Amino acid sequence: MSAAVTVRAAAKINLHLGVGAPREDGFHPLDTVYQAVGLYDDVTADRAHGWSVETRLANYLQGAFLPEAGANIVDAVGRRMAPDGDPKAQVEIRKSIPIAGGMAGGSADAAAAMVALDRLWGLHTSDEEMLAIAAELGSDVPFALLGGSAHGGGRGELVTPLVDNGDYAWVVVPDETGLSTPAVYRHFDKLCPDAPAVPPPPHGVLEALSYGDPGRLAVALHNDLEEAAVDLRPSLGALLERGESEGALRGMVSGSGPTCVFLCESTDAAQHVAAALESVRRVALVAHGPVAGAHIAEVM
Ligand code: C5P
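Along each chain, residue indices are assigned from 1 in the same order as the chain's sequence is written. Only residues with pLDDT of at least 70 get local features here, since the model is predicted, and only at 80 or more are side-chain atom pairs given and counted; chain-wide, interface and lining totals rely on the full set of residues. Computation of side-chain values covers all heavy atoms of the structure but excludes hydrogens and water.

Our focus in this paragraph is the overall build of the chain. Within the chain, the regular secondary structure consists of ten helices and twelve strands. For a compact globule the rule gives 2.2 Å times the number of residues to the power 0.38, and the radius of gyration it is set against comes from C-alpha atoms. Relative to its length of 300 residues, the chain is compact, with a C-alpha radius of gyration of 19 Å against a globular reference of 19 Å. Along the three orthogonal principal directions, the C-alpha set of the chain runs to about 55 × 45 × 35 Å. Burial analysis of the chain (300 residues in total) assigns 53% to the buried set. Long-range pairs, those at least 24 residues apart, make up 77% of the contacts in the chain with a sequence separation of at least 6. Element-wise, carbon and sulfur atoms account for 51% of the exposed surface of the chain, whose accessible area totals about 12,900 Å². Comment: elements are numbered from the N terminus, with helices defined as DSSP H or I runs of at least four residues and strands as E runs of at least two. The buried label goes to any residue with under 20% of its type's maximum accessible area, the exposed label to any with over 50%, and the partly exposed label to all in between, with areas taken from a 1.4 Å probe on protein chains only. Note on definitions: a residue-residue contact is assigned when non-hydrogen atoms from the two residues lie within 4.5 Å. Note on areas: Shrake-Rupley with a 1.4 Å probe; residue coverage comes only from the protein chains shown.

Listed below in structure tokens is the structure:
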């Protein structure tokens with residue numbers, strides 16, 4: 001058994017989110033390009049006689065809805081990773097990623113907890129097994145393990161790393177209240193009853209990433225869930241326009257929303273856009289991508 005271990009995992013943005021008609025199992029086929037961006041949750045796991053999960057929130061997340069005791073995705077990680085199904089650890093999650101925000105914060109927590117518990121319990125789980133367990137836990141969890149930029153297929157869980165030598169400056173604007181991912185997918189089904197069985201592929205984004213040029217990437221960004229998210233939360237439309245009028249190359253809803261992300265020409269430009277958007281919203285954060293997936297940050 002190891003000493004207490006802290007694992008850091010990043011938020012994700014979908015640079016391309018192509019969504020198809022629902023499959024028989026209810027999930028939607030995706031053709032997506034993920035990018036991990038520098039906004040993090042830290043998960044610390046320490047030895048204990050029982051099992052507990054405590055969550056601490058960044059200031060700007062205070063008041064957000066949290067899962068009830070036992071219903072956190074990290075509880076599912078504990079049950080799944082414990083060799084005898086009876087997890088024993090004291091887990092603390094320190095959250096900075098918007099909750100129910102479309103940035104896969106819960107998936108980041110799951111990936112971080114997997115890595116932390118694997119180390120704490122000395123399991124030496126293989127990379128293949130880690131990715132397989134992650135896929136059981138949620139569609140975005142395998143990417144949270146991987147980080148960087150990656151192509152995602154299936155329901156999002158089949159991930160292939162991409163070469164991405166770019167460095168992109170984003171402004172991330174969380175909303176005061178989250179949006180339910182299933183509700184946004186249901187609304188997509190209503191708005192797009194004729195969605196294709198095969199989701200639209202990300203040719204434009206893949207080409208833009210090969211140039212590493214934010215201007216090209218801005219033109220190629222694509223999110224099939226954006227219309228549904230904006231229809232459910234109309235204030236997002238004005239926010240996207242405002243960010244672009246303040247100098248962002250492009251604004252877009254992140255995943256199922258309601259967080260909006262703005263791709264900017266440079267860090268300076270991102271800081272300007274963030275300052276301008278903080279006058280209309282409480283919080284606007286500057287984050288760079290791509291960054292690493294779930295990784296050990298501290299062992300005590
Ligand atoms: O896989 P995950 O638990 O993150 O998915 C949460 C919910 O989002 C699913 O129950 C489903 O309603 C919706 N979803 C979907 N198609 C996907 C991924 C998620 O319909 N590809």
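Moving on, we come to the packing of aromatic side chains. Any two of the Phe, Tyr and Trp rings considered here, Trp counted by its six-membered ring, make a pair once their centres fall within 6.5 Å; the pair's planes then place it as stacked at under 30 degrees, edge-to-face at over 60, or tilted in between. Throughout the structure, instances matching the rule amount to one aromatic pair. Ring centres 4.5 Å apart and planes at 10 degrees place the aromatic pair Tyr34 and Phe143 in the stacked group. Of this pair, Tyr34 sits in strand E2 (residues 30–46) while Phe143 sits in helix H4 (residues 141–146), and the two are 109 residues apart along the sequence. In this structure Tyr34 comes out as buried when scored by relative accessible area, which is 0%. Accessibility expressed as a relative area gives 2% for Phe143, which makes it buried. Note on criteria: charge over ring means Lys NZ or Arg CZ within 6 Å of the ring centre, with the direction from the centre no more than 35 degrees off the ring normal. Taking the ring centre of Phe27 as reference, the NZ or CZ of Arg155 above it sits at 4.9 Å. Across from the ring centre of Tyr211, 3.6 Å away, lies the NZ or CZ of Arg216, which sits over that ring.

Through backbone hydrogen bonds, the strands of a sheet pair up, either in parallel or in antiparallel fashion. With antiparallel pairing, four strands are arranged side by side in an open sheet as E9-E10-E7-E11. The sheet is open, and its two edges are formed by strand E9 (250–253) and strand E11 (285–289), each paired on a single side. For this sheet, the mean angle separating the axes of adjacent strands, direction not counted, is 30 degrees. Helix H9 (residues 235–245) contacts strand E7 (168–173), E9 and strand E10 (260–264) of the sheet and is inclined by roughly 15 degrees relative to E10. Note on definitions: angles span 0 to 180 degrees between N-to-C directions of axes, and those axes are lines fitted to C-alpha atoms, for helices only across the stretch in contact. Along the sheet face, helix H10 (residues 267–278) touches E7, E10 and E11 and points at about 10 degrees away from the line of E7. Pairing between strands requires that DSSP locate at least two bridges from one strand to the other.

Pairing between side chains becomes possible if they bear opposite charge and their charged atoms approach one another. Salt bridges are defined by distance alone: a side-chain nitrogen of Lys or Arg within 4 Å of a carboxyl oxygen of Asp or Glu. Scanning all chains against the criterion turns up 15 salt bridges. Its salt-bridge partner being Arg281, residue Asp175 comes within 3.6 Å of it at the nearest N-O pair. Placement of the pair is Asp175 in the loop between E7 and helix H5 (181–191) and Arg281 in the loop between H10 and E11, with a sequence separation of 106 residues. A salt bridge links Arg242 to Glu246; the shortest N-O distance between them is 2.9 Å. Residue Glu246 is classed as partly exposed on the basis of its relative accessible area, which comes to 21%.

Attention shifts here to H5. Buried within H5 are the following residues: Val184, Tyr185, His187 and Phe188. Relative to the axis of H5, the buried residues are bounded by an arc of 160 degrees and lie together on one face. Exposed residues on H5 whose side chains face more than 90 degrees from its buried face are Arg186 and Lys190. For H5, the elements touching its buried residues are strand E1 (5–19), E2 and helix H8 (226–232). Here a polar contact is taken to be a pair of N or O atoms separated by no more than 3.5 Å, where protein atoms must pair a possible hydrogen donor with a possible acceptor and residues adjacent in sequence count only if both atoms sit in side chains. If you check the start of H5, you find a side-chain oxygen 3.1 Å away from the backbone N of Ala183, and it comes from Ser180. When we speak of the arc, we mean the arc of directions from the helix axis to the C-beta atoms.

Along strand E4 (residues 89–95), five of the seven residues are buried, which leaves the element largely enclosed by surrounding structure. Alignment of E2 against E4, held across five bridges, turns out to be antiparallel. Bridging from a neighbouring strand, Thr44 pairs with Glu92 of E4. With seven bridges connecting them, strand E3 (residues 51–57) and E4 associate as parallel partners. Bridge pairing links Leu57 to Lys95 in E4.

Any residue with a heavy atom lying within 4 Å of a molecule or strand is counted as near it. Inspection of the region around the ligand gives Gly26, Phe27, His28, Leu30, Gly138, Ser139, Arg155, Thr181, Pro182 and Tyr185 as its neighbouring residues. Relative to its unbound accessible surface of 450 Å², the ligand loses 71% to contact with the protein. The dominant element in the shell around the ligand, judged by the number of residues it contributes, is H5, at three residues. A breakdown of the residues in the shell around the ligand according to their chemical character gives four nonpolar, five polar and one charged. In the scheme used here, Gly and all other residues not listed as nonpolar or charged are polar, with Ala, Val, Leu, Ile, Met, Phe, Trp, Tyr, Cys and Pro taken as nonpolar and Asp, Glu, Lys and Arg as charged.

The subject of this paragraph is the state of the cysteines. Note on terminology: pairs of cysteine sulfur atoms within 2.5 Å are recorded as disulfides. Scanning the entire structure with this criterion turns up zero disulfides. Cys260 forms no disulfide, and the closest cysteine sulfur to it belongs to Cys264, at a distance of 13 Å. Residue classification places Cys260 among the buried residues on the basis of a relative accessible area of 0%.

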